[in-house]
Amino acid sequence: MNIIMIVFIILGLLMLAAMFYNVILYQRPGIYPPKKILKARAASLGSIGGILFAAGVLFAIFFK
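Here the structure is a predicted model, which is why all the values come from computation and not from measurement.

The rules behind the values
Residues numbered from 1 in each chain as written. Predicted model: local features only at pLDDT ≥ 70, side-chain atom pairs only at ≥ 80, totals over all residues. Heavy atoms only, no water. Helix = DSSP H or I, 4+ residues; strand = E, 2+ residues; numbered from the N terminus. Rg over C-alpha atoms; globule rule 2.2 N^0.38 Å. Buried < 20%, exposed > 50% of the residue type's maximum accessible area, 1.4 Å probe, protein only. Contact = heavy atoms within 4.5 Å. Phe/Tyr/Trp six-rings, centres within 6.5 Å; stacked < 30°, edge-to-face > 60°. Lys NZ or Arg CZ within 6 Å of the ring centre and 35° of its normal. Expected span 1.5 Å × (residues − 1).

## Points about the overall build of the protein
Here's step 1: Within the protein, the secondary structure is distributed over 2 helices and 0 strands.
Here's step 2: Its C-alpha atoms give the protein a radius of gyration of 14 Å, clearly above 11 Å, the size a compact globule of 64 residues would have.
Here's step 3: Its C-alpha atoms give the protein principal-axis dimensions of roughly 50 × 10 × 10 Å.
Here's step 4: Counting all 64 residues of the protein, 19% fall into the buried class.
Here's step 5: In the protein, the proportion of contacts linking residues at least 24 apart, taken out of those at least 6 apart, comes to 67%.

## Some thoughts on the packing of aromatic side chains
Here's step 1: Scanning all chains against the criterion turns up 2 aromatic pairs.
Here's step 2: For the pair Phe59 and Phe63, a centre-to-centre distance of 5.8 Å together with 45° between the ring planes defines the contact as tilted.
Here's step 3: On the basis of relative accessibility, which here comes to 24%, the residue Phe59 falls in the partly exposed class.
Here's step 4: Three or more aromatic residues joined by ring pairs make a cluster, and in this case those are Phe8, Phe59 and Phe63.
Here's step 5: Across from the ring centre of Tyr26, 5.6 Å away, lies the NZ or CZ of Lys35, which sits over that ring.

## Quick notes on helix α2 (residues 35-62)
Here's step 1: The end-to-end C-alpha separation of α2 is 40 Å, in line with the 40 Å expected for 28 residues at 1.5 Å each.
Here's step 2: The complete set of buried residues in α2 reads Leu38, Ala42, Leu45, Gly46, Gly49, Leu52 and Gly56.
Here's step 3: Looking at the buried residues of α2, the elements they touch are α1 (2-27).

Right under this line is the structure:
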């Protein structure tokens, strides 16, 4: 169970880091990649990353 917890937390953190990277790209001036795609990508990465991170923390709390 510890491996699953660690994997969930690491994947969640990686996806949240990717979300912040896409937010930084969204704020920079320019036209490529389109802002609409960056916004959708950041939203999906952030939501999935947050869910995975929260699941990993809950696993750590309840199954320790």
